[in-house]
Amino acid sequence: MKRIRLWLTMTAMLLCSITAGAHDFEVDGIYYNIVSKDSVEVTSGDDMYHGYIYIPDFIFFDNIMYWVDRIGDGAFSSCYSLTSISIPSSVRHIGNGAFSFCSSLTSISIPNSVKNIGDEAFSYCTELTTIEFPNAVEHIGEGVLACCSKLSYIWVDPLNQHYKIENNSLLSSDGQLLLAVPANNSNLSATYEVPSGVTRIANYAFANNKYVNRIELPEGVVSIGDYAFGAMKSESIALSLPTTLTEIGNNIFLANHNATIKVEIWATTPPVVHGFFGTYTPILVCVPKGTIEAYDVEPWNEETLVERVEINEVFNVEGISYRKIAEDACEVVGTVDKTLDIVQIPSPVVYNAQVFHVTTIGNRSFEGDTDLTSILLPASDTSIGNSAFAGCSSPQV
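In short, a report on the structure. (Residues numbered from 1 in each chain as written. Predicted model: local features only at pLDDT ≥ 70, side-chain atom pairs only at ≥ 80, totals over all residues. Heavy atoms only, no water.)

**Observations regarding the overall build of the protein**
Applicable threshold: Secondary structure follows DSSP: runs of H or I at least 4 residues long count as helices, runs of E at least 2 residues long count as strands, and numbering of each begins at the N terminus. Throughout, exposure labels follow a simple rule: accessible area from a 1.4 Å probe, protein chains only, divided by the maximum for the residue type, with under 20% read as buried, over 50% as exposed, and the rest as partly exposed. Here the Shrake-Rupley method, with its probe set to 1.4 Å, supplies the accessible areas, and only the displayed protein chains count as covering residues. Neither His nor the chain ends is counted toward charge; the positive residues are Lys and Arg and the negative residues Asp and Glu. Positions of charges follow a simple convention, taking NZ of Lys, CZ of Arg, CG of Asp or CD of Glu.
Each helix and strand in the protein was counted, giving one helix and 33 strands. With respect to the principal axes defined by its C-alpha atoms, the protein has extents near 90 × 50 × 30 Å. Taking all 397 residues of the protein together, 52% fall into the buried category. Total accessible area on the protein is roughly 17700 Å²; 49% of this is exposed by carbon and sulfur atoms. Computing the positive centroid from 20 side-chain charges and the negative centroid from 45, the protein places the two 3 Å apart.

**Some details on the sheet that holds strand S17 (residues 200-201)**
The strands that make up a sheet pair up through hydrogen bonds in the backbone, lying either parallel or antiparallel. Inclusion rule: The pairing criterion for strands is at least two bridges between them, as found by DSSP.
With mixed pairing, seven strands are arranged side by side in an open sheet as S13-S14-S15-S17-S19-S21-S23. Since the sheet does not close on itself, it has two edges, and those belong to strand S13 (163-166) and strand S23 (272-273), each with one partner.

**Notes on the pairing of strand S27 (residues 320-326)**
Burial analysis of S27 places six of its seven residues in the buried class, which makes it a mostly covered element. Bridge analysis of strand S26 (residues 314-317) against S27 gives four bridges, and the strand direction is antiparallel. Paired with asparagine 316 across the two strands is serine 321, which belongs to S27. Sheet analysis places S27 next to strand S28 (residues 329-335), joined by six bridges and oriented antiparallel. When the bridges of S28 are listed, arginine 323 appears paired with glutamate 331. Between the antiparallel neighbours S27 and S28 lie two residues.

**Thoughts on a negative patch on the surface**
Stated precisely, the cut-off is as follows: For patch detection, residues must exceed 30% relative accessible area and be free of salt bridges, and they are connected within 9 Å for like charges or within 5 Å for nonpolar side chains (Val, Leu, Ile, Met, Phe, Trp, Tyr). One speaks of a salt bridge when a side-chain nitrogen belonging to Lys or Arg is within 4 Å of a carboxyl oxygen belonging to Asp or Glu.
Among the surface-exposed residues, Glu26, Asp28, Asp46 and Asp47 lie close enough to one another that they form a single negatively charged patch. Residue position: aspartate 47 is located in the loop between strand S3 (39-43) and strand S4 (51-54). Overall, aspartate 47 belongs to the exposed group, its relative accessible area being 53%.

**Observations regarding the layout of surface pockets**
Selection rule: Both cavities and pockets are sets of points on a 1 Å grid over the protein atoms alone; in a cavity a 1.4 Å probe fits but cannot get out, in a pocket the set is open with protein on both sides within 12 Å along at least five of seven lines, and lining residues sit with an atom within 4 Å of a point. Grid points are joined across faces, edges and corners, and a volume is the space filled by probe spheres set on the points. We call Asp, Glu, Lys and Arg charged. Ala, Val, Leu, Ile, Met, Phe, Trp, Tyr, Cys and Pro are nonpolar, and the rest, Gly among them, are polar.
What the largest pocket holds in volume is close to 710 Å³. Looking at the largest pocket, it is lined by 31 residues, and the ones nearest its centre are Arg214, Lys262, Glu264, Glu331 and Thr360. For the lining of the largest pocket, the secondary structure elements donating two or more residues are strand S18 (214-216), strand S20 (236-241), strand S22 (260-265), S27, S28, strand S31 (354-361) and strand S33 (383-384). Classifying every residue of the lining of the largest pocket by side-chain character gives eleven nonpolar, 13 polar and seven charged.

**A word on the packing of aromatic side chains**
Put simply, the rule is: Pairing of aromatic side chains here covers Phe, Tyr and the six-membered ring of Trp, requires ring centres within 6.5 Å, and sorts the geometry by plane angle: under 30 degrees stacked, over 60 edge-to-face, intermediate tilted.
Applying the stated criterion to the full structure yields 20 aromatic pairs. The interplanar angle of 70° and the centroid separation of 5.2 Å between the aromatic rings of phenylalanine 277 and tryptophan 300 together place this pair among those described as edge-to-face. Remark: tryptophan 300 occurs in the loop between strand S24 (283-287) and strand S25 (306-310) and phenylalanine 277 occurs in the loop between S23 and S24; sequence separation between them is 23 residues. Tryptophan 300 gets classed as buried once you look at its relative accessible area, which sits at 2%.

**Let's talk about the side chain of serine 223**
Applied cut-off: Should any heavy atoms of two residues lie within 4.5 Å, those residues are counted as being in contact.
On the secondary structure map, serine 223 appears in strand S19 (residues 223-224). Contacts of serine 223, omitting those with residues within four sequence positions, involve Thr199, Arg200, Ile201, Leu245 and Glu247.

**Section: empty space enclosed by the protein**
Going through the model one piece at a time under the given rule, you end up with four cavities of 30 Å³ or more. The volume enclosed by the largest cavity comes to roughly 70 Å³. Taken together, 17 residues form the lining of the largest cavity, with Leu145, Ala146, Ala180, Val181 and Tyr204 sitting closest to its centre. Considered class by class, the residues forming the lining of the largest cavity number 15 nonpolar, two polar and no charged.

**Here's the deal with the sheet that holds S25**
Cut-off, in case you're wondering: Angles here are taken between N-to-C directions and fall from 0 to 180 degrees, while the axes themselves are lines fitted to C-alpha atoms, restricted in helices to the stretch in contact.
Ordered by their spatial adjacency, six strands build an open sheet running S16-S18-S20-S22-S24-S25, and the pairing between neighbours is parallel. Of all the strands in the sheet, just strand S16 (191-193) and S25 have a single pairing partner and so form its edges. For this sheet, the mean angle separating the axes of adjacent strands, direction not counted, is 15°. Relative to S20, S18 runs parallel, the two being bridged by three bridges.

**A look at the pattern of salt bridges**
Going through the model one piece at a time under the given rule, you end up with eleven salt bridges. The salt bridge involving lysine 164 is made with glutamate 166; its shortest N-O contact spans 3.4 Å. Residue class for glutamate 166 comes out partly exposed when judged on its relative accessible area of 30%. Here arginine 308 makes a salt bridge to aspartate 296, at a shortest N to O gap of 3.8 Å.

**Some points on the environment of glycine 362**
Mapped onto the elements of the fold, glycine 362 is located in the loop between S31 and strand S32 (374-376). A relative accessible area of 3% means that glycine 362 is categorised as buried. Distance in space between the C-alpha atoms of glycine 362 and isoleucine 384 is 6.5 Å, their sequence separation being 22 residues.

**Overview of the environment of asparagine 116**
On the secondary structure map, asparagine 116 appears in strand S9 (residues 116-117). Between the alpha carbons of asparagine 116 and asparagine 96 there is a distance of 10.0 Å; along the sequence they are 20 residues apart. Excluding anything up to four places from it in sequence, asparagine 116 contacts Arg92, His93, Ile94 and His139.

**Notes on the nonpolar core**
Counted only if it meets this: Nonpolar cores were defined as sets of buried Ala, Val, Leu, Ile, Met, Phe, Trp, Tyr and Cys residues, with membership established by side-chain atoms within 4.5 Å.
Core analysis: the largest hydrophobic core is formed by 50 residues, its most contacted members being Phe76, Ile94, Phe99 and Phe122. Breaking this core down by element, the ones donating at least two residues are strand S1 (25-27), strand S2 (30-36), S3, strand S6 (64-71), strand S7 (82-86), strand S10 (130-133), strand S12 (153-156) and strand S15 (177-180). With near-sequence residues (within four places) excluded, isoleucine 94 lies in contact with Ile71, Ile87, Phe99, Ile110, Val114, Asn116, Ile117, Gly118, Ala121 and Phe122. Of all hydrophobic cores here, the second largest spans 39 residues; its members include Ile224, Ile261, Ile283 and Val287.

Structural data, given as structure tokens:
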């Protein structure tokens, strides 16, 4: 049953559930619905839009003038041959999924009259490379740029009071909602640190991302939206989730079927998952010490999909601090003596008669160790975390 429900969810996402209703009339190849005595919305019709589309500010029909006030829900959805469009300054609202799956649309200009942009408005516009949001926009829906695989740049007018750009990403102006991380921005670090102050990761926020393979959520994040990390391109994906997290959306790893996925979660009470993780690839879930039994609930206990281990056991061996991250693996978290100038890290290390392979130099593990001049890593493959040697005096690795 779970596999059937997952397949239905995937199908719904790929085909897009947004469809526009029947049109009231057509003028010059554009279909409209009447929304008030003097305004209309653009909608879909009998024929698919293609090529370049010009939408006027107003139209006449039956001797009545109507202002073009809205781009309706799904108006241009799945118009695969639509290449460009002129949106008039009379438009104040762009509906849910209005341009979703417009796979030939390379650019779009949003006029400063637009105040509201619906959920998934530009999702799956796979040729869209940049987008600019003007200062009048007051609401942007979740998933607005979902799976725009070539999107490299998002811009928000500095005068906009509701949204901003931070870490190359689209956030609400109060910094609480992370809406979108561009899928194809090469300036993004492989380790993405979600800005402090964020409390929610929106639906599809990291979907289709090409450059990020580790995402660290700060304390204060309480919820993660549906499909948030779906179809990411890395062969390995790691998440670090805070103690404050209480809610996880459906299918957050949808279509990451070939990736190795690791989740470090510090919440002692398992967050509620609304559905499933969305992948058939086994997930390594590292939970706080003493909470293995607490996480013995669905979907955290899926035997074929989830392996649970304790993570926050820190131990010291010969002056180096390690943290257990798997049954036979650990990461370096720092040194006991911060005045050392030379540090040699062995692999494996033995603690309490158990052998651990050192696989990672942890994030910020030697940050601020100003006396450190040389560090000798083990011969085995060892990854180096974000800011591992920040503030050190040019250590030789």
